[in-house]
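Listed below are the residues making up each chain.
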Amino acid sequence: MSESETGLPGGTAWRDVPCGLVGEKHAGQSVRVAGWVHRRRDLGGVVFVHLRDRTGLLQLAFNPDWTPAPAMDALAGLNPEDVLAVEGGVELRPEQAVNPEMATGSVELRVHGFERLSESAPLPILVAVPPEEDLPSEELRLRHRVLDLRRLEMQRNFKVRHLAANAARGALSDDGFLEIETPFLTRRTPEGARDYLVPSRIHPGEFYALPQSPQLYKQMLMVAGFDRYFQIARCLRDEDLRADRQPEFTQIDVEMAFVDEDDVFAAAERMLQRILREAAEIELELPVPRMTHAEALEHYGTDKPDLRIPWKLEDFTEALTGLGFGIADGAREAGGRVRGFRVPGGGSIPRSRLDAANEAARAHGARGAMWLKRSEQGWSGPPARFLEGEAADRIVALHAIEPGDLVLLVAGPDPETSPALDALRRQIGQETGAVREGFRWTWVTDFPLFERDAETGQPVASHHPFTMPDVSDPELLESDPFSVGSRAYDLVLNGTELCSGSIRCHVPELQKAILRVLGMDEAEIESRFGFLLESFRYGVPPHGGFAMGFDRLVAMLVGTNSIREVIAFPKTTAARGLLEGAPSPVAAGELAELGLHLR
Ligand code: ASP
């Protein structure tokens, strides 16, 4: 890392150069460095200390030959993580002492004197965790987050995060977007989760909601004429936490006026290209491919396809029905299909694994999975005995099954088979090493406007209620809501939804019809969204936008699965801040002031 790359000024009151930037060019010079005691090694009279700051480690060499006696004596009381200011001479290390693992490994600082700026108490968790050792438990890491963040790996994560945010700002600014902040204390916004509520002291009995996203504000900014808006926005959702959700998270939130999908995708792609280039030195090839929601379900069984796995789902109904194979015929008679995917060379996957696949399919709601193998000797697996003569020729011709291949099949109605096939594709992909390296992007477009609520069967918005339907007639929309498509889209990276958005519904009558389908009456529409619809009365431009999950993006860039690794002070999966102890009870007097009392 060069000096300018770290962004750290070299000289400040306490130091001339950051530790990790001391190098051969400083040889022969006297420099001052400052940082934390990382590790120390005593070799008889000679002591080596690694001093650490965010730029890296520097070896300090204490030796009575050049270190004055008081400094040698003071060494005895040094603790890990003490903060030191050190002055010494930079020397090239003798050849056999060069450490190629260390960026500063060709030099050392021969200490002439040091000052202990601050002393560290015994550590509850190690900062200098040896590479071969496991990290402390996540609970301990979060409880002692300040120490955990000192590790160079964490420092690097936040550098990448910063570079990514900067690149996003730069790209969007260059494209004419304005960064505008929207309120935190607001009225409820529907993104499908529960709101965090903030009691109003001045208006007892009334509550602000913390924003689930800036959705309505960014749309009103378009009505207000700003044309192109962005914000690196914090969003708050009071959800039951799943493993990798946070109650507060960050989105790059974008909205544009007078646009269609092509314009939005182009802006998002340019931004992404710059983020990848500047934060991770990855070149993103543009344009990002697209597929419709229907194609995604047909070929991958999911709207979040992991395109690192090369296999596509195929429809085996034609090849497997009419042969006396009851499972296939039964599925077809009930309006279903037999779908599956071919694993080239998968014939060597053992029986026990295939039984496990069957279990996995059941766990995902299908009645089970079947396997079919083709070898030089013939077919094996449950459908094998139906594949003779012409039937065998037909399945080979239709699905290009080669000797040595495995086919995994699931029979039934699509809504049952799709999730199971998606799960199997991912699982077998992982297990057989078929998941390719790198980043595979795709836009998924044309989502249905509504989905069925799993419990009530009632329509819920598949994206959010402000999405433009693909019909312009409010009556049509209300009479058959599930048949209506929408102009919503997602950007999917390696099987994860990274970004979603839509062209918005800017037609008030259509917007009201959507809200009615969602079960709201005129009074509720007026009370919850009257302010948005009111703004639409005075000239609203067609508009659309997206929000990109920033934590997830950065996590992928640094190669971690957990967004907690790229959030400085995250909550646990039980929504607690272990460091500061949040949430916490408040005194009765404070509640009274807010007009509240606890049951
Ligand atoms: N507000 C949406 C979300 O948070 C994104 C968008 O439609 O722009 O998912």
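For the structure, see preceding data.
Throughout what follows, the structure given in this document is the object of discussion. (Residues numbered from 1 in each chain as written. Predicted model: local features only at pLDDT ≥ 70, side-chain atom pairs only at ≥ 80, totals over all residues. Heavy atoms only, no water.)

## Quick look at the sheet that holds strand β20 (residues 488-493)
Thinking step 1. Taken in spatial order, the eight strands make up an open sheet running β6-β9-β10-β22-β21-β20-β17-β11, and their pairing is mixed. Two strands close off the open sheet at either side, each with one partner strand: β6 (178-179) and β11 (290-292).
Thinking step 2. Summarising the sheet, strand β21 (residues 496-503) and strand β22 (residues 543-549) pair through five bridges and their orientation is antiparallel. Bridge assignment links Ile-503 to a residue of β22, and that residue is Gly-544.
Thinking step 3. Helix α5 (residues 152-174) rests against β6, β9 (228-236) and β10 (248-257) of the sheet, and its axis sits at about 150° to β9.
Thinking step 4. Contacts between helix α17 (residues 550-558) and the sheet are confined to β10, β17 (441-445), β20, β21 and β22, with β22 contributing the most and set at about 50° to the helix. (Pairing = 2+ DSSP bridges. Helix = DSSP H or I, 4+ residues; strand = E, 2+ residues; numbered from the N terminus. Contact = heavy atoms within 4.5 Å. Axes fitted to C-alpha atoms, helices over the stretch in contact; angles between N-to-C directions.)

## Remarks on the pairing of β21
Thinking step 1. Counted residue by residue, β21 has six buried out of eight residues, so it is predominantly covered.
Thinking step 2. Relative to β21, β20 is paired through six bridges, and the arrangement is antiparallel. Directly across from Asp-490, in β21, lies its bridge partner Ser-500.
Thinking step 3. The antiparallel hairpin formed by β20 and β21 contains two residues in its connecting segment, where Asn-494 sits at a positive phi of about 45°. (Buried < 20%, exposed > 50% of the residue type's maximum accessible area, 1.4 Å probe, protein only.)

## A short note on the sheet that holds strand β16 (residues 406-412)
Thinking step 1. Spatial strand order, β12-β13-β16-β14-β15: five strands in an open sheet with antiparallel pairing. The open sheet is flanked by β12 (314-315) and β15 (378-380), the only strands paired with a single partner.
Thinking step 2. Sheet analysis places β12 next to strand β13 (residues 337-343), joined by two bridges and oriented antiparallel. Note on β13: the bridge partner recorded for Glu-314 is Gly-340.

## Focus on the state of the cysteines
Thinking step 1. One pass over the full model with this rule turns up zero disulfides.
Thinking step 2. For Cys-235, which is in no disulfide, the shortest distance to another cysteine sulfur is to Cys-499 and amounts to 12 Å.
Thinking step 3. Residue Cys-235 is classed as buried on the basis of its relative accessible area of 0%. (Disulfide = S-S within 2.5 Å.)

## Notes on the environment of Ala-268
Thinking step 1. Inspection of the secondary structure assignment puts Ala-268 in helix α7 (residues 261-280).
Thinking step 2. When the C-alpha positions of Ala-268 and Phe-546 are compared, they lie 8.1 Å apart, and in sequence the two are 278 residues distant.
Thinking step 3. In this view, Ala-268 contacts Trp-443 and Phe-546; residues no more than four positions away in its chain are not counted.

## So, helix α6 (residues 215-223)
Thinking step 1. Most of α6 sits out of view: eight of its nine residues are buried.
Thinking step 2. Taken residue by residue, α6 has Gln-215, Leu-216, Lys-218, Gln-219, Met-220, Leu-221, Met-222 and Val-223 as its buried positions.
Thinking step 3. At the exit of α6 stands Gly-225, carrying a positive phi of roughly 95°.

## Focus on the nonpolar core
Thinking step 1. Grouped together as the largest cluster of nonpolar side chains are 55 residues, with contacts concentrated most on Ile-252, Met-271, Ile-275, Trp-441, Leu-477, Phe-546 and Met-548.
Thinking step 2. For this core, the element with the most residues is α7, which contributes nine residues.
Thinking step 3. For Trp-441, the contacting residues outside a window of four places in its chain are Leu-272, Leu-276, Leu-284, Val-288, Pro-289, Leu-307, Leu-491, Val-492, Leu-493, Leu-498 and Leu-553.
Thinking step 4. Among the nonpolar cores identified, the runner-up in size contains 24 residues, and Val-31, Val-107, Leu-109 and Val-111 belong to it. (Core = buried A, V, L, I, M, F, W, Y, C linked by side-chain atoms within 4.5 Å.)

## Here's the deal with the packing of aromatic side chains
Thinking step 1. Under the definition given, this model contains eight aromatic pairs.
Thinking step 2. Considering the side-chain rings of Phe-62 and Phe-114, the 5.7 Å spacing of their centres and the 90° angle between planes classify their relative orientation as edge-to-face. You can see Phe-62 sitting in strand β3 (residues 56-62) and its partner Phe-114 sitting in strand β5 (residues 107-118), a full 52 residues away along the chain.
Thinking step 3. Residue Phe-62 is classed as buried on the basis of its relative accessible area, which comes to 0%.
Thinking step 4. Among the aromatic side chains, those forming a connected cluster through ring pairs are Phe-265, Trp-443 and Tyr-489.
Thinking step 5. Residue placement shows Arg-452 over the ring face of Phe-482; its charged tip is 4.0 Å from the ring centre. (Phe/Tyr/Trp six-rings, centres within 6.5 Å; stacked < 30°, edge-to-face > 60°. Lys NZ or Arg CZ within 6 Å of the ring centre and 35° of its normal.)

## What to know about helix α11 (residues 351-363)
Thinking step 1. Here α11 contains 13 residues, and its C-alpha end-to-end distance of 19 Å stays within 8% of the 18 Å for a straight helix at 1.5 Å per residue.
Thinking step 2. Along α11, the residues classified as buried are Leu-354, Ala-357, Ala-360 and Ala-361. Projection of α11 onto a plane perpendicular to its axis shows the buried side chains occupying an angular sector of 105°, all on one side. In α11, the exposed residues that point more than 90 degrees away from the buried face are Arg-351, Ser-352 and Ala-363.
Thinking step 3. Contacts made by the buried residues of α11 are with β14 (370-375), β16 and α13 (414-431).
Thinking step 4. Of the residues one or two after α11, Gly-365 is the one with positive phi, at around 95°. (Expected span 1.5 Å × (residues − 1). Arc of directions from axis to C-beta.)

## Details of the pairing of β20
Thinking step 1. The buried fraction of β20 is high, at six of six residues.
Thinking step 2. Residues Ala-488, Asp-490 and Val-492 of β20 are buried on one face, and the alternating residues Tyr-489, Leu-491 and Leu-493, pointing to the opposite face, are buried as well.
Thinking step 3. With four bridges connecting them, β17 and β20 associate as antiparallel partners. Bridge pairing in β20 places Val-444 opposite Asp-490.

## Description of unusual backbone geometry
Note on backbone geometry: most residues besides glycine have negative phi, and most peptide bonds are trans.
Thinking step 1. Between Leu-286 and Pro-287 the backbone carries a cis peptide bond, its omega angle lying at -5°.
Thinking step 2. Note on placement: Pro-287 falls in the loop between α7 and β11.
Thinking step 3. The residue after Ala-582, namely Pro-583, is reached through a cis peptide bond having omega 0°.
Thinking step 4. Relative to the helices and strands, Pro-583 resides in the loop between α17 and α18 (588-593).
Thinking step 5. If you check the backbone angles, Ala-400 has positive phi at about 50° while not being a glycine.
Thinking step 6. As for its position among the elements, Ala-400 is in the loop between α12 (390-399) and β16.
Thinking step 7. On the accessibility criterion, Ala-400 (41% relative accessible area) is partly exposed.
Thinking step 8. Of note in the backbone geometry, Asn-494 takes a positive phi value of approximately 45° without being a glycine.
Thinking step 9. Tracing the sequence through the fold places Asn-494 in the loop between β20 and β21.
Thinking step 10. Judged by relative accessible area, which is 8%, Asn-494 ranks as buried.

## Observations concerning the environment of Phe-258
Thinking step 1. With respect to the secondary-structure elements, Phe-258 resides in the loop between β10 and α7.
Thinking step 2. Residue classification places Phe-258 among the exposed residues on the basis of a relative accessible area of 60%.
Thinking step 3. With 75 residues separating them in the primary sequence, Phe-258 and Pro-183 have C-alpha atoms 25 Å apart.

## Observations regarding the environment of Met-102
Thinking step 1. Take Met-102: it is sitting in the loop between β4 (83-92) and β5.
Thinking step 2. Each C-alpha atom of the pair Met-102 and Leu-58 lies 8.4 Å from the other, and the pair is 44 residues apart in sequence.
Thinking step 3. Not counting chain neighbours up to four residues away, the residues in contact with Met-102 comprise His-50, Leu-57, Leu-58, Gln-59 and Arg-93.

Bear in mind that shape data such as this cannot, by itself, settle questions of function.
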